[in-house]
Amino acid sequence: MTNIKLYWLPVLSISRVLQKELISQKLTWGFLLTGIVLLFLSVFLGEISIQEKIRVQLHIGLFGINFVAMILAFTLGGFQIHREIERQSCALELVRPIQRSQWCLGQWLGCFATLMLLISTLLVLHFGTIQFVLQSQGASGSLSLQAGWEFRYLLAAFVTLLEAVLFFTFAFLFSMHVRPSLSLACTFVLYLACYWQSDLEFYARKDDEGFFRYAYEVLKWLLPPIDQLKVRNSHFIFNAGAESLNWTQGVLFLSLCFLWILVSFMLAELSFRRKDLV
Amino acid sequence: MSKLALRVEGLSKSFAGQSIVSDLNFQIPAGAITGLVGFNGAGKSTTLKCLLGIVLPDRGSVYFFDTHPLAEVKKEIGYLPERPQLPEFLNSHEFLKHHWNLSLNSENFADNFEEAASVVLKKVGLCEVRFKSLRTFSKGMKQRIGIAQALLRKPKLLFLDEPFSGLDLEGRFFLRTLLKELKLAGVTIVFTSHSVSEMIELCDNILVLNKGRIAFKGALKDFLNLSNEAMAKALAEFYSIEAQFLQKLGLNE
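Source: prediction; values computed, not measured.

Novice: Quick one: what's the story with the overall build of chain A, residue by residue and with numbers?
Specialist: Across its full length, chain A holds 11 helices and zero strands. Along chain A, from the amino end to the carboxyl end, the secondary structure elements read α-α-α-α-α-α-α-α-α-α-α. Evaluated residue by residue, chain A yields a buried proportion of 50% over its 278 residues. Nonlocal contacts in chain A, meaning residues at least 24 apart in sequence, comprise 81% of its contacts between residues at least 6 apart. Just so you have it, chain A exposes about 13,900 Å², and 69% of that area is on carbon and sulfur atoms. Distance between charge centres in chain A, computed from 21 positive and 18 negative side chains, equals 9 Å.

Structure representation (structure tokens):
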């Protein structure tokens with residue numbers, strides 16, 4: 001028990017200090033403000049739409065949150081370790097009797113906690129505005145959401161958070177090997193490749209020689225399957241019932257995402273063990 | 001007590017094919033102050049970082065207190081990097097608490113942080129401002145709090161990278177006095193510096209690096225050849241003038 005406590009106390013101290021630092025930075029507040037502006041925009045565009053008030057608000061709101069979440073995830077993952085090395089604060093901490101794995105985990109947790117806090121704040125705000133519009137519309141509202149939409153919104157929120165953590169961890173891994181800007185670019189390419197899987201599949205099927213088809217099959221197993229569970233859209237929240245969910249596919253999706261996060265973090269940690277901090 | 005605080009054998013490091021330090025062999029006696037001298041780019045900071053595991057050497061071995069590897073003695077080591085960027089969103093108390101948490105082990109788990117923090121803050125003269133944000137600190141104060149974190153766990157071996165750089169006369173005087181006190185308390189100190197006056201006043205031993213290789217290692221008096229009367233006289237005069245100047249400022253009583 002004491003050993004576990006001794007391992008985790010420094011890790012939590014590093015993550016707490018990092019979270020405090022990130023929250024005190026103007027850039028983080030800038031991201032939050034951008035998210036809030038996009039949420040207001042979603043409310044405004046919803047208001048001026050004639051029949052699709054809630055749908056527009058849901059769609060643009062979720063898009064805005066996802067946009068901010070991904071930019072934040074890419075930036076935090078790509079720049080955090082480099083920043084620590086550049087200003088030598090990691091040297092000050094790593095000279096203490098802690099392992100590099102503890103420091104790395106502390107950094108990851110600090111960024112993770114900040115990411116969760118920021119995205120959750122935006123999601124709660126978004127959910128609140130939808131509730132407000134629904135209530136102000138009352139029974140006379142031209143459109144209403146089907147029962148159980150709150151659960152479906154929660155699922156969409158969870159997928160948004162999971163996706164942000166997944167790509168943050170990829171950027172974190174890339175940043176151990178390349179410069180921040182390149183790490184950012186690599187993560188973005190991976191993000192695009194993940195979302196273009198269905199398009200790639202379409203073209204792969206048309207390939208007569210089979211090479212492209214084979215390459216696609218390999219790629220399919222190499223890329224996280226984030227395009228498989230499309231719950232983060234207004235159509236799912238608006239119309240579909242929870243029964244339309246493929247739970248087996250959902251569990252597989254979750255397991256694979258967690259596996260990807262775990263593998264990426266472990267690779268990042270292994271790289272950090274052999275990294276010169278200059 | 002160990003006779004040797006540090007033993008380095010065949011330490012080499014290169015970056016992108018360029019050798020930074022090459023085949024360093026030296027020993028640092030316990031309880032002494034050792035200065036690491038050299039021009040910019042001589043490899044002083046890289047050597048310190050290799051000793052502390054911040055940079056991983058390509059070749060060579062480092063042993064602390066006779067035979068121990070770094071991992072075993074980390075709790076006995078204090079370090080202040082060159083121009084560290086301290087977390088300015090914290091106050092001194094929080095900053096020290098963070099470093100206290102990072103140094104926890106089964107032996108010191110029950111130690112009292114408040115007591116230890118008060119002792120080091122008093123030592124560096126920052127007791128009054130312990131709850132002030134580090135953002136409001138001057139460069140000298142930041143250097144002092146950096147030293148406080150290095151001293152927090154009562155280290156036996158203290159590494160300071162350019163501790164005098166950017167400090168005003170008062171700051172330099174304070175640091176010199178502190179290092180002398182620490183030496184009397186039995187702490188082994190290794191520091192890098194460009195300042196010849198501090199080296200001459202403080203160091204027992206000196207290690208001169210030139211282009212990543214050792215140009216001289218040994219006692220300072222041997223290096224300066226203090227049997228040379230002219231040199232001894234010049235140094236005595238230098239300290240006499242400096243002491244008078246400090247006295248006028250009310251810093252040296």
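Novice: Describe the packing of helix H6 (residues 149–175) of chain A against helix H7 (residues 180–195) of chain A, and please don't skip the residues or the numbers.
Specialist: All names here are of chain A. Packing of H6 against H7 leaves a shortest axis separation of 8 Å and a crossing angle of 140 degrees. Judged by the inter-axis angle, H6 sits oblique to H7. At the point where H6 passes H7, the crossing takes the right-handed sense. Taken together, the residues of H7 that come into contact with H6 (itself represented by Glu163, Phe167, Phe170, Ala171, Phe174 and Ser175) are Ser183, Cys186, Thr187, Leu190, Tyr191, Cys194 and Tyr195. Of the residues contributing to the contact of H6 with H7, the split by class is nine nonpolar, three polar and one charged.

Novice: Which residues make up the packing of aromatic side chains, and what are the values?
Specialist: All names here are of chain A. Under the definition given, this model contains 21 aromatic pairs over all chains. A ring pair is formed by Trp108 and Phe168, whose centres lie 6.1 Å apart and whose planes are at 40 degrees; its orientation type is tilted. One end of the pair, Trp108, is in helix H5 (residues 100–137); the other, Phe168, is in helix H6, and 60 residues separate them in sequence. Taking relative accessible area as the criterion, Phe168 reaches 0% and is therefore assigned buried. Taking 5.3 Å as the distance between ring centres and 55 degrees as the angle between the ring planes, the aromatic pair formed by Phe127 and Tyr153 counts as tilted.

Novice: Requested: an account of the environment of Gln85(B), with residues and values cited.
Specialist: Looking at where Gln85(B) falls in the secondary structure, it is placed in the loop between strand E5 (77–80) and helix H3 (92–102). On a C-alpha basis, the gap between Gln85(B) and Gly43(B) in space is 21 Å, while along the polypeptide they are 42 residues apart. Look past the residues within four positions of Gln85(B) in its chain and what remains in contact with it is Arg87(A) and Ser89(A).

Novice: Which residues make up H6(A), and what are the values?
Specialist: Taking 1.5 Å as the rise per residue, H6(A) with 27 residues should run 39 Å; its terminal C-alpha atoms sit 39 Å apart, in good agreement. Where burial is concerned, most of H6(A) is hidden: 22 out of the 27 residues are buried.

Novice: Any details on H3(B)? Residues and values, ideally.
Specialist: Most of H3(B) is tucked away: nine of the 11 residues are buried. In the core, the buried residues of H3(B) are packed alongside helix H1 (2–24) and helix H4 (89–94) of chain A together with helix H4 (113–123) and helix H5 (139–151) of chain B. The distance from a side-chain oxygen at the start of H3(B) to the backbone nitrogen of His93(B) is 3.1 Å, and the residue carrying that oxygen is Asn91(B).

Novice: Before we move on, could you go through the pattern of salt bridges and cite the residues and values that matter?
Specialist: Between side chains of opposite charge, a pair can form as their charged atoms come close. Scanning the model with the defined rule gives 19 salt bridges over all chains in all. Among the salt bridges present, the one from Glu201(A) reaches Arg205(A), with a minimum N-O distance of 3.0 Å. Pair noted here: Glu201(A) and Arg205(A) are both in helix H8 (residues 197–205), with a separation of four residues, about one helical turn. Under the relative-accessibility criterion, Arg205(A) is labelled exposed at 60%. Linking Glu114(B) and Arg130(B) is a salt bridge whose minimum nitrogen-to-oxygen distance equals 3.5 Å. Pair noted here: Glu114(B) is in helix H4 and Arg130(B) is in the loop between H4 and H5, with a separation of 16 residues, a long-range link. Take Glu114(B): its relative accessible area is 40%, and that puts it in the partly exposed class. We classify Arg130(B) as buried; its relative accessible area is 11%. Several salt bridges converge on common partners, so that one network encompasses Arg172(B), Arg176(B), Lys180(B), Glu198(B) and Glu201(B).

Novice: Got a sec to walk through empty space enclosed by the protein? Specific residues and values, please.
Specialist: If you roll a probe as big as a water molecule over the atoms, it shows you where there is empty space left. Scanning the model with the defined rule gives one cavity of 30 Å³ or more in all. Considering only enclosed or pocket space, the largest cavity measures out at about 150 Å³ in volume. Elements supplying a minimum of two residues to the lining of the largest cavity: H1 and H4 of chain A together with H3 of chain B. Here the element with the most residues in the lining of the largest cavity is H1(A); it accounts for four residues. Taken together, the residues of the lining of the largest cavity sort by class into eight nonpolar, five polar and four charged.

Novice: An account of the nonpolar core is needed here, citing residue identities and associated values.
Specialist: One recurring pattern in soluble globular proteins is that nonpolar side chains are buried together. Formed by 102 residues in total, the largest nonpolar core has its most connected members in Tyr153(A), Phe167(A), Phe172(A), Leu6(B), Phe64(B), Ile77(B) and Phe159(B). Per element, the largest residue contribution to this core is 16 residues, and it comes from H6(A). Contacts of Phe159(B), omitting those with residues within four sequence positions, involve Leu6(B), Leu48(B), Leu51(B), Leu52(B), Phe64(B), Ile77(B), Gly78(B), Tyr79(B), Leu80(B) and Val190(B).

What counts, and where the lines are drawn
- Residues numbered from 1 in each chain as written.
- Chains lettered and ligands numbered in written order.
- Predicted model: local features only at pLDDT ≥ 70, side-chain atom pairs only at ≥ 80, totals over all residues.
- Heavy atoms only, no water.
- Helix = DSSP H or I, 4+ residues; strand = E, 2+ residues; numbered from the N terminus.
- Buried < 20%, exposed > 50% of the residue type's maximum accessible area, 1.4 Å probe, protein only.
- Contact = heavy atoms within 4.5 Å.
- Areas by Shrake-Rupley, 256 points an atom, 1.4 Å probe, with all protein chains shown as cover.
- Lys, Arg positive; Asp, Glu negative; His and termini not counted.
- Charge placed at Lys NZ, Arg CZ, Asp CG, Glu CD.
- Axes fitted to C-alpha atoms, helices over the stretch in contact; angles between N-to-C directions.
- Parallel < 35°, antiparallel > 145°, perpendicular 65-115°, else oblique.
- Left-handed = near helix turned anticlockwise from the far one by under 90°.
- Nonpolar A, V, L, I, M, F, W, Y, C, P; charged D, E, K, R; others polar.
- Phe/Tyr/Trp six-rings, centres within 6.5 Å; stacked < 30°, edge-to-face > 60°.
- Expected span 1.5 Å × (residues − 1).
- Polar contact = N/O pair within 3.5 Å; in protein donor to acceptor, adjacent residues only side chain to side chain.
- Salt bridge = Lys/Arg side-chain N within 4 Å of Asp/Glu carboxyl O.
- 1 Å grid on protein atoms, 1.4 Å probe; cavity = no way out; pocket = protein on both sides within 12 Å on 5 of 7 lines; lining within 4 Å.
- Points joined across faces, edges and corners; volume = space filled by probe spheres on them.
- Core = buried A, V, L, I, M, F, W, Y, C linked by side-chain atoms within 4.5 Å.

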